[in-house]
Amino acid sequence: MILVTGASGQLAQAILHHLKEAGVDVVGGTRTPGDDPRQRLLNFDDPATLDFGGVGTLVIVSAGTAEDDVVIARHESVITAAERSNVQHIIYTSVADGGDHLGFALAHRWTERRLQQGAVPWTILRNGLYAELIGQLLTPEAGTITAPFGPGSVAAIARQDLAEAASVVAQSPQPHAGRTYNLVGTEAISALDVADELGATYKPGTLADLRSALNTAGLLPFQPAMLLSIHAAVAHGFLDETTEDITRLLGRPPRKPLTIAVAAAQGQ
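This one's a predicted model, so the numbers in the text were calculated from it and none came from an experiment.

## Some points on the overall build of the chain
In terms of regular secondary structure, the chain is built from ten helices and eleven strands. Since a compact globule built from 268 residues should have a radius of gyration of about 18 Å, the 19 Å found for the chain is in line with a globular shape. When the backbone C-alpha atoms are referred to their principal axes, the chain occupies close to 55 × 40 × 35 Å. Of all 268 residues assigned to the chain, the portion counted as buried reaches 50%.

Structure representation (structure tokens):
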């Protein structure tokens, strides 16, 4: 049986969809399973729920947005429980190779190291930034995009492609044991590309402008720094590397990230 954590989240839901379409034995783990027989209670903060009996392959979708020490403690708990339950393979959705400068990278890299030093065969999927997220960050206001992406570009990728890649690995994990895939787009897109498609003006602001706006947006204390790090990393060329790893896993080219980003910027 395959178990996918974070089943209430969009990535996990998409992974579950692909696995169910493939007809494999899969369940989702979530804090709020409700009455769905294909979901089970799984709370990373409650050790009593971390029972992976009968699970052969565990897909760990990162434990959500929180401070690094909280995320790391959650991941330690779930990996230890998987080892105790004799899970045969763990797949972890991490952050792309070029993402070390992002404000949420540390917990991902810690989790990778923990898996590499652990007792269960593993596969690490280093996911690029979602094209959907890039579109949301570049949504125009009054016909103008002001996000401080500067001249930089990003090898964004559709969430659905990442979900399908995870499902491919989960269905036959043994050939992927001990491997790390850099699942970014095969082409990079810029804020100007999005603006041109939308018929908008691109007039980038500064990081200070963005920080000021975020500080009054009602976010959790650590979230502004995470969002600022995305803009700074794109603007200064740390997220534009492309690879063909996603094409090799899917057996086809990925969806066009510009199309996905533009649709997201339009609220679609």
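Still more ground to cover, so stick around.
## Quick word on the nonpolar core
Judged by nonpolar contacts, the single largest core of 26 residues is most densely connected at Val4, Ile15, Val59 and Leu183. For this core, the secondary-structure elements that each account for two or more residues are β1 (2–4), α1 (10–21), β4 (57–61), α5 (159–171), β9 (179–183) and α9 (245–250). The residues touching Val4, leaving out its near neighbours within four places in the chain, are Ala12, Ile15, Leu16, Leu19, Val26, Val27, Gly28, Gly29, Val59 and Val61.

## Here's the deal with the environment of Pro148
Along the chain, the position of Pro148 falls in the loop between β7 (144–145) and β8 (153–154). As for Pro148 and Leu210, which are separated by 62 residues in sequence, their C-alpha atoms are 7.6 Å apart. When sequence neighbours within four positions are dropped, the list of residues in contact with Pro148 reads Tyr202, Pro204, Gly205, Thr206, Leu207, Leu210, His231 and Ala235.

## Description of the environment of Gly6
Locating Gly6 in the fold gives a position in the loop between β1 and α1. Discounting residues that sit within four places of it in the chain, Gly6 has contacts with Ala12 and Gly29.

## Notes on the side chain of Asn127
Looking at the element boundaries, Asn127 is found in strand β6 (residues 122–127). For Asn127, a relative accessible area of 7% puts it in the buried group. Asn127 has contacts with Leu11, Thr93, Ser94, Val95, Ala96, Leu162 and Leu183, leaving out every residue within four places of it along the chain.

## A closer look at the pairing of β4
Across the five residues of β4, five count as buried, placing the element largely inside the fold. Residue alternation in β4 divides its side chains into two sets, Thr57, Val59 and Val61 and Leu58 and Ile60, and both sets are buried. In this structure, β1 lies alongside β4, joined through three bridges in parallel fashion. From the neighbouring strand, Leu3 faces β4, where its bridge partner is Leu58. Here five bridges tie β4 to strand β5 (residues 89–95), and the two strands are oriented parallel to one another. Residue Leu58 lies in a different strand from β5, and its bridge partner there is Ile90. With helix α2 (residues 68–84) bridging β4 and the parallel β5, this β-α-β connection has right-handed handedness.

## Quick word on unusual backbone geometry
For Asn86, which is not a glycine, the phi torsion comes out positive at approximately 60°. Within the secondary structure, Asn86 is located in the loop between α2 and β5. One non-glycine residue, Ala142, adopts positive backbone phi at about 55°. Tracing the backbone shows Ala142 in the loop between α4 (131–137) and β7. For Ala142, a relative accessible area of 85% gives the class exposed.

## Some remarks on helix α6 (residues 191–198)
Taken together, the buried positions of α6 are occupied by Ala191, Val194 and Ala195. In a view along the axis of α6, the buried residues occupy a sector of 100°, so they form one face of it. Away from its buried face by more than 90 degrees, α6 exposes Asp196 and Glu197. Considering only its buried residues, α6 is in contact with β7, β10 (189–190), β11 (201–202) and α10 (257–265). Among the residues trailing α6, Gly199 stands out with phi positive, at a value near 70°.

## Observations regarding the sheet that holds strand β3 (residues 39–41)
Hydrogen bonds between backbone atoms are what pair the strands of a sheet, whose relative direction is either parallel or antiparallel. Judged by pairing direction, the sheet is parallel, and its seven strands sit side by side in the order β3-β2-β1-β4-β5-β6-β9 without closing on themselves. Each of the sheet's edge strands pairs with one partner strand only, and the pair in question is β3 and β9. Each adjacent strand pair in this sheet contributes to an overall mean axis angle of 20°, direction not counted. Against the sheet, α5 engages β1, β4, β5, β6 and β9, with an angle of about 170° to β6.

## A closer look at helix α8 (residues 223–235)
The first and last C-alpha atoms of α8 sit 19 Å apart over 13 residues, in line with the 18 Å expected at 1.5 Å per residue. Burial in α8 covers these residues: Pro224, Met226, Leu228, Ser229, Ile230, His231, Ala233, Val234 and Ala235. Of the surrounding elements, those touching the buried residues of α8 are α4, β8 and α7 (207–214).

What counts, and at which threshold
- Residues numbered from 1 in each chain as written.
- Predicted model: local features only at pLDDT ≥ 70, side-chain atom pairs only at ≥ 80, totals over all residues.
- Heavy atoms only, no water.
- Helix = DSSP H or I, 4+ residues; strand = E, 2+ residues; numbered from the N terminus.
- Rg over C-alpha atoms; globule rule 2.2 N^0.38 Å.
- Buried < 20%, exposed > 50% of the residue type's maximum accessible area, 1.4 Å probe, protein only.
- Core = buried A, V, L, I, M, F, W, Y, C linked by side-chain atoms within 4.5 Å.
- Contact = heavy atoms within 4.5 Å.
- Pairing = 2+ DSSP bridges.
- Right-handed = clockwise from strand over helix to strand, strands pointing away.
- Arc of directions from axis to C-beta.
- Axes fitted to C-alpha atoms, helices over the stretch in contact; angles between N-to-C directions.
- Expected span 1.5 Å × (residues − 1).

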